[in-house]
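# Structural features, examined
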Amino acid sequence: MTSPVWHPFTQHGLGEPIPRIVRSEGCALYTDDGRRIIDAISSWWVTTHGHCHPHIMAAIADQATKLDQMIFAGWTHEPAETVAAALVEMLPAPLAHVFFSDSGSTAVEVALKMALGYWRDRGARHRILVMEHSYHGDTIGTMSVGERGVYNAAYDPLLFDVGTVPFPAAGREQETLDTLERLCRTENPAAFIVEPLVLGAGGMMIYGPETLREMHAICRRHGVLFIADEVMTGWGRTGTLLACEQAGIVPDILCLAKGLTGGAVPLAVTLATPPIFEAHLSKDRAKLFYHSSSFTANPLSCAAAVANIAIWREEPVLDRIADLAGRQSVHLAKLAAHPRIRNARQIGTITAVEVEDTKGDYLSALGPRLLAAFRDRDVLLRPLGNTVYLMPPYCTDDTDLSRIYEVIDEALAE
Ligand SMILES: *Cc1c(COP(=O)(O)O)cnc(C)c1O
């Protein structure tokens, strides 16, 4: 019996098993044949506090008895107003305007459109600067500002041209800053978009807050808008609510998604500073911001976000994150001593290592072999090429965390 479902980032031709999940709780997924799978990557980086957090699930259930979905153009509802007000209160003051969408990709598309809208009456700049190895989503626009490779080669003719600064690898930061400075001077860019402190899909590549601060300063000096894509880094992953905090910077435009609802249901926001909003403010209807999707600010999703924000306010989430980060570093130090492990690194709750291999690209044979070894041992880890990384939900206890590292050891032995 073959399923009609076409899965994302899945080569169906290989006939690999696709386990069926029936339930989730805390840091675990449960299969229909009764296995408990430890979710070591937070179900693709979305689950923050843990699966099926009772407050978030109750908020969705409660909202479901009141208002399911409604048009958000020219109408509003309480859950959206509450989310927006709470975000503005939690985040740095200049980020005063909240635009809702449904996913990280749409949050980034919205950010790019806002940036171009800002420049429309200021000399129509449209060039976007990006960082090498970045990932911002899988739509045409977000692929355009992301790393080019095997995963988007087929669509390359549709992707727009961008200016690229090198990744600020340790010791090469100045090269990044010099290139950014030069591109800001010569290319008349509208905006620079960046994943702050860690490039996720690019392979959990970490760089320092000083570089982030410097890049922001360069953009400031040249009047280039600074877009922070915190879709992955937001909501505590790097040890602080936002990664930008560690650099002491406030972007002109900020994208949040994944953990916005605690990872329970889809929702995204793009926050903007007053100059961006005001560039679209007019008595002229034609100057409005032309973006919408059917489910913009869906009330059920907003209710989940309200519950997530309440958890952040009422529970010691940052302490939990610091505790998990501390336990992660103990395990990572042990793993780093393994002869096949290179470049062990950590930022906040995220750890990553390279497994030594002759060939290190995304399609490297090692990745799928590791994936299968982890799956057979009931741990959900999904290596990026030969990069094995952990990004567990914050509720992951020591028994489960130890088990994840034990399974990595076993897979390496194989
Ligand atoms: C996951 C991710 C996106 C895309 O988010 P989706 O919700 O999958 O569309 C964008 N930017 C970054 C940094 C991400 O990690």
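Cut-offs used in this document
- Residues numbered from 1 in each chain as written.
- Predicted model: local features only at pLDDT ≥ 70, side-chain atom pairs only at ≥ 80, totals over all residues.
- Heavy atoms only, no water.
- Helix = DSSP H or I, 4+ residues; strand = E, 2+ residues; numbered from the N terminus.
- Rg over C-alpha atoms; globule rule 2.2 N^0.38 Å.
- Buried < 20%, exposed > 50% of the residue type's maximum accessible area, 1.4 Å probe, protein only.
- Areas by Shrake-Rupley, 256 points an atom, 1.4 Å probe, with all protein chains shown as cover.
- Core = buried A, V, L, I, M, F, W, Y, C linked by side-chain atoms within 4.5 Å.
- Contact = heavy atoms within 4.5 Å.
- Arc of directions from axis to C-beta.
- Near = heavy atom within 4 Å.
- Polar contact = N/O pair within 3.5 Å; in protein donor to acceptor, adjacent residues only side chain to side chain.
- Nonpolar A, V, L, I, M, F, W, Y, C, P; charged D, E, K, R; others polar.
- UniProt positions renumbered as here; feature names shortened; annotations may be inferred.
- 1 Å grid on protein atoms, 1.4 Å probe; cavity = no way out; pocket = protein on both sides within 12 Å on 5 of 7 lines; lining within 4 Å.

### Overview of the overall build of the protein
- The helix and strand inventory of the protein stands at 12 helices and 16 strands.
- For a compact globule of 414 residues, the expected C-alpha radius of gyration is about 22 Å, and the protein comes in at 21 Å, within 12% of that figure.
- Projected onto the principal axes, the alpha-carbon positions of the protein cover approximately 65 × 55 × 45 Å.
- Counting across all 414 residues of the protein, residues that qualify as buried make up 50%.
- Of the roughly 18,700 Å² of accessible surface on the protein, 57% is carried by carbon and sulfur atoms.

### A closer look at the nonpolar core
- By size, the foremost hydrophobic cluster in this structure holds 91 residues, and its most contacted members are F192, M204, M215 and I408.
- Beyond its immediate stretch of four places on either side in the chain, M215 contacts M131, T176, L177, L180, F192, V194, Y207 and F226.

### Quick notes on helix α11 (residues 366–376)
- Residues L366, G367, L370, A373 and F374 constitute the buried set of α11. Mapping the buried residues of α11 onto a view down its axis gives an arc of 130 degrees, with all of them on the same face. Counted as exposed and oriented over 90 degrees from the buried face of α11: R369 and D376.
- Buried residues along α11 sit against β14 (350–355), β15 (379–380), β16 (387–390) and α12 (398–413).
- Note on α11: the residue one or two positions beyond its end, D378, has a positive phi of about 65 degrees.

### Looking at the site of the ligand
- Taken together, W45, S103, G104, S105, Y135, H136, G137, E195, D229, V231, M232 and K258 make up all the residues around the ligand.
- For the ligand, a nitrogen atom lies 2.6 Å from a polar atom in the side chain of D229.
- A distance of 2.7 Å separates an oxygen atom of the ligand from a polar side-chain atom of K258.
- Across the complex, the protein chains shield 83% of the 380 Å² of accessible surface that the ligand would expose by itself.
- Each residue belonging to the shell around the ligand can be placed in one class, and the counts come to 4 nonpolar, 5 polar and 3 charged.

### Brief notes about the UniProt feature "binding site: substrate" (unreviewed entry) in the protein
- UniProt's entry tags W44, Y135, K258, S292 and R382 with the feature "binding site: substrate" (unreviewed entry), counted in the numbering of this structure. Taken together, the annotated residues stretch across 339 residues and extend over separate regions, lying up to 32.9 Å apart by C-alpha. Cross-referencing the annotated residues with the largest pocket identifies W44 and R382 as lining it.
- Residue position: Y135 is located in the loop between β5 (128–131) and α5 (140–144).
- Residue Y135 is classed as partly exposed on the basis of its relative accessible area of 28%.

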